[in-house]
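Take a look at the letters that make up each chain.
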Amino acid sequence: MRILFMGTPDWAVPTLEALVDSDYEVCAVLTQPDRPAGRKKRMQASAVKQWAEDHDLMVHTPENAGSPQTLKLLKNIEADLYLVCAYGQILPQSVLDLPKKGCFNLHFSKLPKWRGASPVQAAILAGDSTTGVCLQRMVLKLDAGPLVAESEDETIRSEDNSESLGHRLSLMGAKLVCRTLPMLLKGHQSEVAQNEKNASFCRMIRKDQGRIDWVEEDAQTIERKLRAFTPWPGIHCFGPDGKRLQLLELEVVDENSEPGYVQQGLIVGTQKGSLRILRLREEGKKEMDAASFLNGHPDYYGFVFQ
């Protein structure tokens, strides 16, 4: 049986690796085109492309998954089944109809909860206690297809950020795919429709969402936002000189003060409760702990973050 894999970030690599280690033929890999990355904006291949090329797999990087050229390419590949994991493009019905065994998507939540592009971040932001992964047959409506398999619940730890949680889910996803794939290829899987009444949604994260609103957000929300937005885009505010401050480590403090007001020890008030800033990075500077930062910035005492 010939399997075509679609994926882009490092979270998709464990599933691709598991497929290659299995007895099935990965006939081709589709991933996003190389993109500019870093301060110097150098072109960088996706994690999936790098891994696939290192293992001599056929890789394609179409700009548009729904273009006539891509459709022709996929027809020529003649895969029996498509497996998708964080590919990053919407697949049109013309593509979903191609493989005779169907298209299946590995999603990093327990659907119908957190349909969309950022389920790992959404679960942390919402303060969910557990999450998981599931495998669904793809339909044209976003993440709304019937479920064919799901993992056990995975506890979201108090110290988890999107990187650590996403890594664990990626390993769980690889195991789930390997366990389910034989049934999919034989067409023996059971399919359970999602309950639309329980659906919730999340969107792609934007860089500007990392700005802290000290008036509208409480201490617990900001702390969760930091973990959800680590490693990207992080959270930030602006100091008295207008320079951007990226906050790297926070501690919730059980006391109230004016939102945004900076007290001794770099404790800042929020809509409810306060936060002690433990580590931060000023724009253009190196990462510092709070004590070192305050030694060089005594003007922060009594300042009110806007």
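Just above sits the structure.
Residues numbered from 1 in each chain as written. Predicted model: local features only at pLDDT ≥ 70, side-chain atom pairs only at ≥ 80, totals over all residues. Heavy atoms only, no water.

Undergrad: What is the right way to look at helix H7 (residues 219-228) in this model?
TA: Since there are 3.6 residues in each turn of an α-helix, residues three or four apart along the chain are aligned in direction. Within H7, 7 of the 10 residues are buried, which leaves it mostly tucked inside the rest of the structure. If you check which residues of H7 are buried, you get Ala219, Ile222, Glu223, Lys225, Leu226, Arg227 and Ala228. Summarising the contacts, the buried residues of H7 are in contact with helix H5 (119-125), helix H6 (162-186), strand S14 (235-238), strand S15 (244-253) and strand S18 (274-282). Of the residues flanking the start of H7, the one acting as N-cap is Asp218, its side-chain oxygen 3.2 Å from the backbone nitrogen of Gln220. (Buried < 20%, exposed > 50% of the residue type's maximum accessible area, 1.4 Å probe, protein only. Helix = DSSP H or I, 4+ residues; strand = E, 2+ residues; numbered from the N terminus. Contact = heavy atoms within 4.5 Å. Polar contact = N/O pair within 3.5 Å; in protein donor to acceptor, adjacent residues only side chain to side chain.)

Undergrad: What should I look at first to understand the sheet that holds strand S5 (residues 59-60) in this one?
TA: Two modes of strand pairing occur in sheets, parallel and antiparallel, and in both the strands are linked by backbone hydrogen bonds. The strand order across the open sheet formed by 7 strands is S5-S2-S1-S6-S7-S10-S11, and the pairing between neighbours is mixed. With one partner strand each, in any of the chains shown, S5 and strand S11 (147-150) form the two edges of the open sheet. In this sheet, strand S6 (residues 81-85) lies alongside strand S1 (residues 2-7) in parallel orientation, the contact comprising 5 bridges. From the neighbouring strand, Phe5 faces S6, where its bridge partner is Leu83. (Pairing = 2+ DSSP bridges.)

Undergrad: Looking at this structure, how should I read the side chain of Thr31?
TA: Mapped onto the fold, Thr31 is located in the loop between strand S2 (25-30) and strand S3 (35-37). A polar contact of 3.4 Å, which involves the side chain of Thr31, links it to the side chain of Thr8.

Undergrad: How should I be thinking about the packing of helix H1 (residues 13-21) against helix H2 (residues 47-54) in this particular structure?
TA: When two helices pack together, their arrangement is given by the angle between the helix axes and the distance between those axes. One can describe the packing of H1 onto H2 by two numbers: an axis separation of 10 Å at closest approach and a directional angle of 25 degrees. For the element pair H1 / H2, the angle class is roughly parallel. Crossing of H1 against H2: the hand is right-handed. Of the residues in H2, those in contact with Val13, Leu16, Glu17 and Val20 of H1 are Ala47, Val48, Trp51 and Ala52. Of the residues in the contact of H1 with H2, the class split is 7 nonpolar, no polar and 1 charged. (Axes fitted to C-alpha atoms, helices over the stretch in contact; angles between N-to-C directions. Parallel < 35°, antiparallel > 145°, perpendicular 65-115°, else oblique. Left-handed = near helix turned anticlockwise from the far one by under 90°. Nonpolar A, V, L, I, M, F, W, Y, C, P; charged D, E, K, R; others polar.)

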